[in-house]
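# Fold and geometry: a report
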Amino acid sequence: MKNRIKKIRKELDLTQQEFADRLGVKRNTISTYESGRSVPIDAVISLICREFKINEEWLRTGKGQKEQPEPKSELDKLAEKYNMSHDEYIFLEMYFKKKRSERDAIFQFLRDTFSAINADEAATKETETSATYQPSYNSSEELSDEEVLRRYHKGLELERQVEEKSEAS
């Protein structure tokens, strides 16, 4: 298998690093495969085959055509069309195997989760806004024009700080 992996990489004119990046593994891992010091696990073999359109039987044994046969399922076609990652493929495969009611429950869970996140963000923003400077004097207190202006500017400065803090997070 080591020679076949190296052949795929060389034919695609990829460095070990570029090959590794496409698979989401380390360059050192590709080096160990090509030297024969280790053999890829099934998931990596599957990923090589899908990423580079290689026939799995050929990669494992050297028998058959090197190129991958036409996609067998609609999901395989979608994976190819949208260049899905291995994780995306597994996610969709598991999702589509669920009963309709289970898939509906998954989406309801996602809607509830995002709704809770949005509500929490709104509450946090409201709390931050209400925490802005409020003048602390009673209306019967006589203030000079300068003191009113100073407190007004201090309130604006505090609001600006809160806004910057919320934008940073």
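Just so you know, these numbers come straight off a predicted model, no measurement behind them.

### Here's the deal with the pattern of salt bridges
- As enumerated under the stated definition, the model contains 8 salt bridges in all.
- Note that Glu11 and Lys66 form a salt bridge whose closest N and O atoms lie 2.1 Å from each other. A residue pair is termed long-range when its members are at least 10 positions apart, and Glu11 in helix H1 (residues 2-11) and Lys66 in the loop between helix H5 (56-61) and helix H6 (74-81) qualify at 55 residues.
- Look at Glu11 and you get partly exposed, because its relative accessible area is 46%.
- In this structure Lys66 comes out as buried when scored by relative accessible area, which is 17%.
- Three or more residues joined by partner-sharing salt bridges are found here, namely Lys7, Glu11 and Lys66.

### What to know about a nonpolar patch on the surface
- Nonpolar side chains collect at one region of the surface, where Ile106, Phe107, Phe109, Leu110, Phe114 and Ile117 lie side by side and expose about 550 Å² of accessible area between them.
- By the element assignment, Phe114 lies in helix H8 (residues 100-130).

### A few points about the nonpolar core
- Ile8, Phe19, Leu23, Ile48, Phe52, Ile54 and Leu59 are the most contacted members of the largest nonpolar core, which has 17 residues in total.
- Among the elements that line this core, the one with the most residues is helix H4 (residues 42-52), at 6 residues.
- Leu59 has contacts with Met1, Arg4, Ile5, Ile8, Ile45, Ile48, Cys49 and Ile54, leaving out every residue within four places of it along the chain.

### Topic: the packing of aromatic side chains
- As enumerated under the stated definition, the model contains 4 aromatic pairs in all.
- Here Phe19 and Phe52 contribute two aromatic rings whose centre-to-centre distance is 4.7 Å and whose plane-to-plane angle is 5°, an arrangement assigned as stacked. Here Phe19 is found in helix H2 (residues 16-23), whereas its partner Phe52 is found in helix H4, with 33 residues between them in sequence. Phe52 shares its class with Phe19; the two are buried.
- A centroid spacing of 6.0 Å and a plane angle of 75° characterise the contact between Tyr95 and Phe107, whose relative ring orientation is edge-to-face. Here Tyr95, found in helix H7 (residues 86-97), pairs with Phe107, found in helix H8; they are 12 residues apart in sequence, far enough to count as distant.
- Relative accessible area serves as the criterion here: at 13%, Tyr95 is assigned to the buried category.

Calculation notes
Residues numbered from 1 in each chain as written. Predicted model: local features only at pLDDT ≥ 70, side-chain atom pairs only at ≥ 80, totals over all residues. Heavy atoms only, no water. Salt bridge = Lys/Arg side-chain N within 4 Å of Asp/Glu carboxyl O. Helix = DSSP H or I, 4+ residues; strand = E, 2+ residues; numbered from the N terminus. Buried < 20%, exposed > 50% of the residue type's maximum accessible area, 1.4 Å probe, protein only. Patch = residues over 30% accessible without salt bridge, like charges linked within 9 Å, V, L, I, M, F, W, Y side chains within 5 Å. Areas by Shrake-Rupley, 256 points an atom, 1.4 Å probe, with all protein chains shown as cover. Core = buried A, V, L, I, M, F, W, Y, C linked by side-chain atoms within 4.5 Å. Contact = heavy atoms within 4.5 Å. Phe/Tyr/Trp six-rings, centres within 6.5 Å; stacked < 30°, edge-to-face > 60°.

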